[in-house]
Amino acid sequence: MVLVLTAISLIAGGTLAYINKVTQGPIAEINAKNLQDGIKKVILGSQPGDLKVEEPVEANGYTLYKTDKGTAVKAVTNGFGGPLEILVGFNEDGNILGYTILATVETPGLGVKADTWFQEGGKGNIIGRNPGEKELAVSKDGGDIDAITASTITSRAFLNAVNAAYQAFKGNTSDAASGASVQAGRV
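Residues numbered from 1 in each chain as written. Predicted model: local features only at pLDDT ≥ 70, side-chain atom pairs only at ≥ 80, totals over all residues. Heavy atoms only, no water.

A. Local environment of the overall build of the protein. Counting secondary structure elements, the protein contains three helices and five strands. Counting from the amino terminus, the protein carries its helices and strands in the arrangement α-β-β-β-β-β-α-α. Taking the principal axes of its C-alpha atoms as reference, the protein extends roughly 70 × 40 × 30 Å. Per-residue burial for the protein yields a buried fraction of 41% across its 187 residues. As presented, the protein carries roughly 10300 Å² of accessible surface, and 55% of it is formed by carbon and sulfur atoms. Taken as two groups, the 16 positive and 19 negative side-chain charges of the protein have centres that lie 4 Å from each other. (Helix = DSSP H or I, 4+ residues; strand = E, 2+ residues; numbered from the N terminus. Buried < 20%, exposed > 50% of the residue type's maximum accessible area, 1.4 Å probe, protein only. Areas by Shrake-Rupley, 256 points an atom, 1.4 Å probe, with all protein chains shown as cover. Lys, Arg positive; Asp, Glu negative; His and termini not counted. Charge placed at Lys NZ, Arg CZ, Asp CG, Glu CD.)

B. Examining the pattern of salt bridges more closely. What the rule picks out here adds up to six salt bridges. Members of the salt-bridge network, linked through shared partners, are Arg129, Lys134 and Asp144. (Salt bridge = Lys/Arg side-chain N within 4 Å of Asp/Glu carboxyl O.)

C. View of the environment of Tyr166. Its place among the elements puts Tyr166 in helix 3 (residues 152-170). Taking the C-alpha atoms as reference points, Tyr166 and Lys41, separated by 125 residues in sequence, lie 17 Å from one another. Sequence-distant contacts of Tyr166, defined by excluding residues within four places in its chain, comprise Phe90, Gly94, Asn130, Pro131 and Gly132. A distance of 3.5 Å separates polar atoms of two side chains, one belonging to Tyr166 and the other to Asn130. (Contact = heavy atoms within 4.5 Å. Polar contact = N/O pair within 3.5 Å; in protein donor to acceptor, adjacent residues only side chain to side chain.)

D. Local environment of the pairing of strand 3 (residues 70-78). A large share of strand 3 lies buried, amounting to eight of its nine residues. Bridging between strand 2 (residues 62-67) and strand 3 involves five bridges; their strand directions are antiparallel. Directly across from Thr67, in strand 3, lies its bridge partner Gly70. Where strand 2 hands over to strand 3, the hairpin turn is made up of two residues, counted between the paired strands. (Pairing = 2+ DSSP bridges.)

In C-alpha cells form, the structure reads like this:
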C-alpha cells in the first residue's frame with residue numbers, strides 16, 4: 001500500500017512539474033501583453049496611436065513606465081479579498097489619464113466593480129483628477145468620491161493605491177504619505 005501511494009505521488013508530482021514547465025512561457029507572454037495593453041489603455045484611453053515606452057523603473061515597490069505621452073505606475077495594495085494590482089496613467093501635470101486593474105481577488109459582483117466604478121462616467125469618477133491637489137478619498141472618510149456600494153474597503157484600498165501611485169510618480173514613495181500598504185509590482 002505504501003509503495004502504491006508513493007508511486008501515485010511521484011507520478012502526480014512529475015505530471016504537475018511538467019505542466020508547470022510547459023505553461024510558464026505562455027503565461028509570461030500573456031502577462032507581458034496584458035501589461036503592454038494596460039499601459040496603452042491608461043495613457044491613451046480609447047484614442048488610437050502608439051506609445052514609445054522606456055525601460056521600466058523600479059522605485060521602492062512601484063514600477064514606473066515612462067512613455068512619450070505620460071507615465072503609467074503599477075502599485076499593489078491589499079483590498080478586502082487580498083492583493084489588488086492596479087496600473088494608473090498620469091500626464092506630466094499629475095492628472096489621472098486612466099487606470100486599469102491588472103489583478104484582483106475582490107468579491108465578485110461587489111469589489112470587482114472597481115474596474116468601471118472609478119472610470120469616466122462612473123459614479124466615483126477619478127479621471128482628470130490630480131491626487132497632488134487633493135488626496136483621493138471616499139466620502140465616508142471626508143473625501144468627495146462615492147465608494148462602491150457595499151464595498152467600502154475595496155474602494156479605500158483602490159484609492160489608497162492610486163494616491164500611492166501618484167506619490168511614486170512624483171518621486172515620493174513613502175507609504176506613510178498615502179496610508180497604502182503597497183508591495184513590489186513585478187512585470
